[in-house]
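Below, each chain spelled out in residue letters.
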Amino acid sequence: MSTGTYAPRPGAAPIGRMIAAQTALETRMLLRNGEQLLLTVIIPSLLLVLFSTVDVVDTGTEAAVDFLAPGVLALAVMSTAFTGQAIATGFERRYGVLKLLGASPLPRWALMTSKTLSVLVTEVLQVVLLTAIALALGWSPQGGPFSVLLLLVLGTAAFSGLGLLMAGTLRAEATLAAANLVFLLLLVGGGVIVPLDRFPDAARAVLELLPISALSEGLRDVLQHGAAMPWGQAGILAVWAVLGLGAAARFFRWE
């Protein structure tokens, strides 16, 4: 009997269909997770509203939202691409989910692609929500959308690489603690809420090289000051993306 007589036809689905199905699954799992929603939606939204309406931090601008909105957009990218992805992938690795998926017809590179696409879908929802909140608070964005898009993509690549590197090398519990700690430290010292010029010169020189600082300052240059492409910050993000993704590909352990 030929294989053509079976319905459905045996064999793996086309690679594009497998990636799309896995991406949809990853996105649904992410949006249904309460901790993930707290990191990706609730915390950035609350920070934007709180610090835009209450005079807690001197941002050096007449409208605090003009300074805060780009930084919170950068924080949203970090919360999804780094913190959320690191924690979720770390526990999937611990419980053997990645090992089982690695034995399925879905190639491992396609699984990583699906996770990245899921992050991008979530970020689109975050950007739409945070932009709507910021506009309601009186935000007046400047600059061009292409520069913003390129910075967000580079930031996503940089944070994804670092998140996958952490999830693929540390134990799940260590990943959970480290990812949340890094999130809190970069929230304070990454130019998201507190301007970098409030730090000592020596500390500022180091902080400016961090991916969160490069992303927040780059977005601020475009959206607040109307600059063209901030190539310095884009270059920093590109270097982090290459190093992070390269290290993740080299050292990621599936078991």
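Note: the structure precedes this text.
Just so it is clear, the structure is predicted and the values come from calculations on it, not from any experiment.

(A) Region of interest: the overall build of the protein. Within the protein, the secondary structure is distributed over 10 helices and 0 strands. Ordered by position in the sequence, the α and β elements of the protein form the string α-α-α-α-α-α-α-α-α-α. A compact globule built from 255 residues should have a C-alpha radius of gyration of about 18 Å, and the protein, at 20 Å, falls within 12% of that. Seen along its three principal axes, the alpha-carbon backbone of the protein occupies a region of about 75 × 35 × 35 Å. A total of 255 residues make up the protein; the buried ones form 44% of that total. A sequence separation of at least 24 residues applies to 81% of the contacts in the protein between residues at least 6 apart. Accessible surface for the protein amounts to roughly 12,400 Å². Of this, 69% is attributable to carbon and sulfur atoms.

(B) Up close: the nonpolar core. Leu48, Met78, Leu151, Phe159, Leu215 and Leu219 are the most contacted members of the largest nonpolar core, which totals 47 residues. When contributions to this core are tallied by element, the ones reaching two or more residues are α2 (34–53), α3 (64–94), α5 (108–136), α6 (145–169), α7 (172–189), α9 (211–223) and α10 (231–251). Tallying contributions element by element places α3 first for this core, with 16 residues. Leu151 has contacts with Leu215, Gly218, Leu219, Val222, Met229, Pro230, Ala234 and Leu237, leaving out every residue within four places of it along the chain.

(C) Summary view of α3. Taking 1.5 Å of rise per residue, the 31 residues of α3 would be expected to cover 45 Å, and the 43 Å separating its terminal C-alpha atoms lies within 8% of that figure. Roughly 35 degrees is the biggest bend found in α3, and it falls at Ser79. Counting buried residues in α3 gives 27 out of 31 residues, a clear majority hidden from the surface.

(D) Local environment of the packing of aromatic side chains. Within this structure, the stated rule accounts for 1 aromatic pair. The interplanar angle of 35 degrees and the centroid separation of 6.1 Å between the aromatic rings of Phe91 and Tyr95 together place this pair among those described as tilted. Owing to a relative accessible area of 22%, Phe91 belongs among the partly exposed residues under this scheme. By relative accessible area, which is 58% here, Tyr95 ends up exposed. We note Arg220 situated over the ring of Phe67; from NZ or CZ to the ring centre the distance is 3.7 Å.

(E) How the structure looks around the environment of Gly163. Relative to the helices and strands, Gly163 resides in helix α6. As a C-alpha pair, Gly163 and Met78 span 85 residues in sequence and 9.3 Å in three-dimensional space. In this structure, Gly163 is in contact with Phe82 and Ala86, ignoring residues within four places of it in sequence.

(F) Focus on the pattern of salt bridges. Tallied over the full model, the rule gives 7 salt bridges. Glu92 is the partner of Lys115 in a salt bridge, and the nearest nitrogen-oxygen pair spans 2.6 Å. One end of the pair, Lys115, is in helix α5; the other, Glu92, is in helix α3, and 23 residues separate them in sequence. Each of the two residues, Lys115 as well as Glu92, counts as buried. Residue Glu173 is joined to Arg94 by a salt bridge in which the shortest nitrogen-to-oxygen separation is 2.2 Å. Remark: Arg94 occurs in helix α3 and Glu173 occurs in helix α7; sequence separation between them is 79 residues. On the basis of relative accessible area, Arg94 is assigned to the partly exposed category, the value being 47%.

(G) Inspection of α9 at higher detail. In this model, α9 (13 residues) spans 18 Å end to end at C-alpha, consistent with the 18 Å of a helix rising 1.5 Å per residue. Summarising burial for α9: 11 of the 13 residues are buried, a large majority. Restricting attention to buried positions, one finds in α9 the residues Pro211, Ile212, Ser213, Ala214, Leu215, Ser216, Gly218, Leu219, Arg220, Val222 and Leu223. Turning to α9, the residues buried within the fold contact α3, α6, α7, α8 (201–207) and α10.

(H) Here's a closer look at the side chain of Ser79. Relative to the helices and strands, Ser79 is located in helix α3. At 2.8 Å, the side chain of Ser79 and the backbone oxygen of Ala76 are in polar contact. With residues up to four places along the chain from it excluded, the contact list for Ser79 reads Leu39, Thr40, Gly84, Gln126 and Phe183.

(I) Representation of the environment of Gln22 in the model. Positionally, Gln22 belongs in helix α1 (residues 15–32). Residue classification places Gln22 among the buried positions, given a relative accessible area of 11%. Considering only alpha carbons, one finds Gln22 and Ala110, 88 residues apart in sequence, at a separation of 8.9 Å. Those residues in contact with Gln22, other than ones at most four positions away along the chain, are Leu101, Leu106, Leu111 and Ser114.

What counts and what doesn't
Residues numbered from 1 in each chain as written. Predicted model: local features only at pLDDT ≥ 70, side-chain atom pairs only at ≥ 80, totals over all residues. Heavy atoms only, no water. Helix = DSSP H or I, 4+ residues; strand = E, 2+ residues; numbered from the N terminus. Rg over C-alpha atoms; globule rule 2.2 N^0.38 Å. Buried < 20%, exposed > 50% of the residue type's maximum accessible area, 1.4 Å probe, protein only. Contact = heavy atoms within 4.5 Å. Areas by Shrake-Rupley, 256 points an atom, 1.4 Å probe, with all protein chains shown as cover. Core = buried A, V, L, I, M, F, W, Y, C linked by side-chain atoms within 4.5 Å. Expected span 1.5 Å × (residues − 1). Bend = angle between axes of the 7 residues up to and from the residue. Phe/Tyr/Trp six-rings, centres within 6.5 Å; stacked < 30°, edge-to-face > 60°. Lys NZ or Arg CZ within 6 Å of the ring centre and 35° of its normal. Salt bridge = Lys/Arg side-chain N within 4 Å of Asp/Glu carboxyl O. Polar contact = N/O pair within 3.5 Å; in protein donor to acceptor, adjacent residues only side chain to side chain.

These figures come from the coordinates and say nothing about function on their own.
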